[in-house]
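# Fold and contact review
As a plain string of letters, each chain reads:
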Amino acid sequence: MYAYTMHNLLSNKLGALGAVIEERTSRALDDLSPSAAAVLSTLRFRPGLTTTDLSKVVAVSQPAAVRLLDGLERRGFVERGAQAGRVTPLSLTEAGRTEVSRMQQARIAALGSLLKILGPDDLERFERLLDRILADATTSRACARTTCRLCEHELCGPGICPIGNKASDIERGDHEA
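For clarity, every value in this text was computed on a predicted model and none was experimentally measured.

## Focus: a nonpolar patch on the surface
- Together, Leu14, Leu17, Val20 and Ile21 give the surface a local cluster of nonpolar side chains, amounting to about 310 Å² of exposed area.
- Mapping valine 20 onto the fold places it in helix α1 (residues 2-28).
- Taking relative accessible area as the criterion, valine 20 reaches 34% and is therefore assigned partly exposed.

## Things to note about helix α3 (residues 51-58)
- The complete set of buried residues in α3 reads Thr51, Leu54, Ser55, Val57 and Val58. Relative to the axis of α3, the buried residues are bounded by an arc of 165 degrees and lie together on one face.
- Residues of α3 that are buried sit in contact with α2 (34-45), α4 (62-74), β2 (90-92) and α7 (141-147).
- Taken from the residues just after α3, alanine 59 is the one with a positive phi, measuring 65 degrees.

## Some details on the nonpolar core
- Among the nonpolar cores identified, the biggest contains 21 residues, and Leu32, Val39, Leu40, Leu43, Leu54, Leu72 and Val78 are the most heavily contacted of them.
- Elements with a minimum of two residues in this core: α2, α3, α4, β2 and α5 (94-112).
- At 6 residues, the largest contribution of residues to this core is made by α2.
- Not counting the four nearest positions on each side in its chain, leucine 72 is found in contact with Leu32, Ala36, Val39, Leu40, Phe77 and Val78.
- Ranked by size, the runner-up nonpolar core spans 5 residues in total, among them Ala144, Cys148, Ile163 and Ala167.

## What about the layout of surface pockets?
- Reported here for the second largest pocket is a volume of approximately 150 Å³.
- Considering the residues around the second largest pocket, the lining is formed by Thr50, Thr51, Thr52, Gln62, Val66, Arg80, Arg86, Val87 and Thr88.
- Counting residues per element, the ones that place at least two in the lining of the second largest pocket are α3 and α4.

## Here's the deal with unusual backbone geometry
- Even without being glycine, aspartate 30 reaches a positive phi, approximately 60 degrees.
- As for its placement among the helices and strands, aspartate 30 is situated in the loop between α1 and α2.

## Description of the packing of α2 against α3
- α3 packs onto α2 with a crossing angle of 120 degrees between their chain directions and a minimal axis gap of 10 Å. One way to sum up the angle between α2 and α3 is to call them oblique. Of the two elements, α2 crosses α3, and the hand of that crossing is right-handed. Counted together, Ser35, Ala38, Val39, Thr42 and Leu43 of α2 and Leu54, Val57 and Val58 of α3 form the full contact between these two elements.
- The class makeup of the residues in the contact of α2 with α3 is 6 nonpolar, 2 polar and no charged.

Parameters and conventions
Residues numbered from 1 in each chain as written. Predicted model: local features only at pLDDT ≥ 70, side-chain atom pairs only at ≥ 80, totals over all residues. Heavy atoms only, no water. Patch = residues over 30% accessible without salt bridge, like charges linked within 9 Å, V, L, I, M, F, W, Y side chains within 5 Å. Areas by Shrake-Rupley, 256 points an atom, 1.4 Å probe, with all protein chains shown as cover. Salt bridge = Lys/Arg side-chain N within 4 Å of Asp/Glu carboxyl O. Helix = DSSP H or I, 4+ residues; strand = E, 2+ residues; numbered from the N terminus. Buried < 20%, exposed > 50% of the residue type's maximum accessible area, 1.4 Å probe, protein only. Arc of directions from axis to C-beta. Contact = heavy atoms within 4.5 Å. Core = buried A, V, L, I, M, F, W, Y, C linked by side-chain atoms within 4.5 Å. 1 Å grid on protein atoms, 1.4 Å probe; cavity = no way out; pocket = protein on both sides within 12 Å on 5 of 7 lines; lining within 4 Å. Points joined across faces, edges and corners; volume = space filled by probe spheres on them. Axes fitted to C-alpha atoms, helices over the stretch in contact; angles between N-to-C directions. Parallel < 35°, antiparallel > 145°, perpendicular 65-115°, else oblique. Left-handed = near helix turned anticlockwise from the far one by under 90°. Nonpolar A, V, L, I, M, F, W, Y, C, P; charged D, E, K, R; others polar.

Right, here's the structure in full:
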């Protein structure tokens, strides 16, 4: 009974941390919706994607992705490339790249401020545990792309990212993944 209660209490605290993270992330995004921010962030690291590609990463319907892109294009953040058949590649404008940089800096600062109470040993331990949790939650490359849709990929690239590493293990058929 005690272990069950402790697990529920810890799960409850994890949910509260998720709410704090969501609130701080929302403030860092300024007036962008999480979906719009995810579109910009994704296009920064994967220019040339199509509306269909983005709808999968951002986890919205195709019509919702079109509306998001229309709004981002009106704001001068996204541009549509030359249509090739039924495919239209998307990319960021200079204003879009500036907005993504602003957003990423604000997001990293807002979330990083949560860690300021931890000393070096606690930070190292926390990072190891967080890496294990994130890797275990990763079930596919598509899951990894959706989970990391707001990430600053230059900080957490191949060999470092527990989510990307797990997705690669799954793709290779590594049974210990």
